[in-house]
Amino acid sequence: MSFKNHHYLIALIILLCASCKNSDKNLAESASLEEETIPTLQNKPIDTINAKAILIGKTDAPYNFKYFNLLVHTGLFNEVSNIQQENHGDSLYVEIQKLSKPQIIDLIAFEEGDLPPLFSRFFITPGDSIFMEIEDHKIRFSGKNAAHYNFFQQLEETATGNWGVFKGDFDQYKNDNTKFYNQKKKILENYIKAHPEVSKDFKQQTYAALKYEYLLHLISPRDHQLSNGTYQGSELDQVINKMQFDGEVAMFDAKEYFDTINFEDDFNRPELLYNDCFKRTLPKYIHSVFANAEVPGYSIDNFINERDFIKSNLDNDLESFAIARLIYNYHEAGLAFGQKGKTLIEELINDYREEFSKKEDYVSKINEIIFDLNSMDFKLSEQLLDEKLINLKGDSIKLKDIFKNDPSKFKLIDNWASWCAPCIAEMQKSDEYNPMLKENDISTVYISVDEDLEKWEETVNQLDSYTNKEQHYRFADFKKSNLARVFLQLGKTKNRYSIPKYTVIKNDSIILSTNSPRPSNQEEFITLLD
């Protein structure tokens, strides 16, 4: 796949997941860390209805089903683990398991060549049998509840214009987005009039999807353009801070900007915990409006303010969700790299241990964080340093010898794969962050999880202008690698990994973090070196 084709992949994955996941690669059970400061969580599933739905597809372009994804929004993030599918060229059979409630799910079908992927959403109910046909690059659904399935496709074909682009004027940006939101609401109203058979759940979840998508754009102003021409949003506090620094805005009145929002009415809604737009908007809204610290961003003061606000204003499943996302977001931003921040996160995990243990997805995500917290300042053993990696020439070389040949104080381990679009996108930004790495005496070692030798070599050669080929390696036996268990945060119980994943090592043996911020996030990345 060419890098031109990767641009579409990058845009979608940034929007939906921000990481590549692999659930099929099982690794050895041997543990890499002997002691755990914080015990990992154990899933204690509660009784649920083992409901499911079926999707049967047909296409005039078999490539659509070669890379086909459905994203279900039951956990902290987009879930694919409860989906089983069989691809037979131009036909597809998908079984969506553990579907306990009606909800909107996302569909992505990739196109061959330079065509952008097909993206759609549809409302699904436990027990549904859905028939999907892709013809001439258009998706159509049929079945008993066909009116539930086709709205979002019709919306994309009917709506004119797009969400607003932020150009420095908050009032104008809000007006542009409000206008587009109202247009979408009108289309939904007309659709419901034309299809009176749609359910109450469909109306509730679909209106909510439009509303919280609108709010999400207000909270994350679309201020920068990607290489494929689409616009992406930034954190609201970052936009405001930059404008105040540049003298473009004196004060920002959050209450006026969000004057149509009442937290109790609009966010204390546990029935929307399966709604992706709602789940993405809630933590961002709390962070943007209720942190109230003098210093913007993911600081200790903001963490405490958000934590206390959530505890005071949300209950039960909503509270657990908001706390879990708070822990995840602040850990990703590097709060745990200082001892006080690390302690705050550890204490909050322990406070909510029982609630998190009831949800499989929460256990998985929180255990990743626990593994990282426990591995901070962990010293690589001689056994790990003696593990061999393979270079482009096919030679085996021990990790400690790779380190010995490079005098840099810090080593950045970049775990990636040739099939991981975000991994490649980060490498393509290397000109932006390489000066920072050099200034802080950091060198990069690229270790691939690829098992396809030819594809790995081909991709490394394509990245020649962005990375040093001499610093590229792959695991000698990935499935048995103890280094992989450490660098990919697999711990003792986890056999699935996400990439890109970055580990920072000091003095050739001390792990500062197995979940470092991406080096392109330079301010956050540098904090872990202190």
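Report follows, based on the coordinates. (Residues numbered from 1 in each chain as written. Predicted model: local features only at pLDDT ≥ 70, side-chain atom pairs only at ≥ 80, totals over all residues. Heavy atoms only, no water.)

### Focus on the packing of helix α12 (residues 316-332) against helix α15 (residues 360-375)
Between α12 and α15, whose axes approach to 11 Å, the crossing angle comes to 35 degrees. Read as a crossing pair, α12 and α15 show a hand that is left-handed. Touching Ser320, Phe321, Ala324, Ile327, Tyr328 and His331 of α12 are Tyr362, Lys365, Ile366, Ile369, Asp372 and Leu373, all from α15. (Axes fitted to C-alpha atoms, helices over the stretch in contact; angles between N-to-C directions. Helix = DSSP H or I, 4+ residues; strand = E, 2+ residues; numbered from the N terminus. Left-handed = near helix turned anticlockwise from the far one by under 90°. Contact = heavy atoms within 4.5 Å.)

### Looking at helix α6 (residues 200-219)
Here α6 spans 28 Å end to end across 20 residues, near enough to the 28 Å set by a 1.5 Å rise per residue. The buried fraction of α6 amounts to 14 of the 20 residues, a majority that puts the element mostly inside the structure. (Expected span 1.5 Å × (residues − 1). Buried < 20%, exposed > 50% of the residue type's maximum accessible area, 1.4 Å probe, protein only.)

### Remarks on the sheet that holds strand β19 (residues 501-506)
Across the sheet, eight strands lie side by side as β12-β20-β19-β15-β16-β17-β13-β14; this open sheet has mixed pairing. Two strands lie at the open edges of the sheet, namely β12 (378-379) and β14 (396-398), each paired on one side alone. With three bridges joining them, strand β13 (residues 388-391) and β14 adopt antiparallel strand pairing. If you follow isoleucine 390 over to β14, its bridge partner there is serine 396. (Pairing = 2+ DSSP bridges.)

### Structural notes on the packing of aromatic side chains
By the definition in use, this model includes 25 aromatic pairs. Residues tyrosine 212 and phenylalanine 278 carry aromatic rings whose centres are separated by 5.2 Å and whose planes lie at 85 degrees to one another, so their mutual orientation is edge-to-face. Of the two residues, tyrosine 212 sits in helix α6 while phenylalanine 278 sits in helix α10 (residues 276-289), which places them 66 residues apart along the sequence. Overall, the relative accessible area of 0% leaves tyrosine 212 in the buried class. Residue phenylalanine 278 is classed as buried on the basis of its relative accessible area, which comes to 0%. With a centroid separation of 5.6 Å and 40 degrees between ring planes, the pair formed by phenylalanine 475 and phenylalanine 478 is classed as tilted. Phenylalanine 478 sits in the buried class, given a relative accessible area of 4%. (Phe/Tyr/Trp six-rings, centres within 6.5 Å; stacked < 30°, edge-to-face > 60°.)

### Considering unusual backbone geometry
Residues other than glycine seldom take positive phi values, yet asparagine 507 does so here, at roughly 55 degrees. By secondary structure assignment, the location of asparagine 507 is in the loop between β19 and β20 (510-513). For asparagine 507, a relative accessible area of 47% gives the class partly exposed. Located in the positive-phi region is aspartate 508, a residue other than glycine, with phi close to 65 degrees. Checked against the element boundaries, aspartate 508 lands in the loop between β19 and β20. Relative accessible area serves as the criterion here: at 25%, aspartate 508 is assigned to the partly exposed category.

### A few points about a nonpolar patch on the surface
A contiguous nonpolar patch, built from Ile56, Tyr93 and Phe131 and spanning about 240 Å² of accessible area, is present on the exposed surface. Turning to its location among the elements, tyrosine 93 is positioned in strand β5 (residues 91-96). The partly exposed category is assigned to tyrosine 93, whose relative accessible area is 31%. (Patch = residues over 30% accessible without salt bridge, like charges linked within 9 Å, V, L, I, M, F, W, Y side chains within 5 Å. Areas by Shrake-Rupley, 256 points an atom, 1.4 Å probe, with all protein chains shown as cover. Salt bridge = Lys/Arg side-chain N within 4 Å of Asp/Glu carboxyl O.)

### Let's talk about the environment of leucine 344
Checked against the element boundaries, leucine 344 lands in helix α13 (residues 339-351). Leucine 344 sits in the buried class, given a relative accessible area of 12%. Residues leucine 344 and isoleucine 327, 17 residues apart in the sequence, show an inter-C-alpha distance of 9.4 Å. Look past the residues within four positions of leucine 344 in its chain and what remains in contact with it is Ile300, Phe303, Ile304 and Arg307.

### Some remarks on the state of the cysteines
Scanning the entire structure with this criterion turns up one disulfide. With its sulfur 2.3 Å from that of its partner, cysteine 420 forms a disulfide with cysteine 423. Residues cysteine 420 and cysteine 423 are joined through a disulfide that is right-handed, its torsion about the S-S bond being 80 degrees. According to the relative accessible area criterion, cysteine 423 is buried, its value standing at 0%. (Disulfide = S-S within 2.5 Å.)

### Quick notes on α12
With 17 residues, α12 should reach 24 Å at 1.5 Å per residue; the first-to-last C-alpha distance of 24 Å fits that figure. The buried count for α12 comes to 13 of 17 residues, which makes it a mostly enclosed element.

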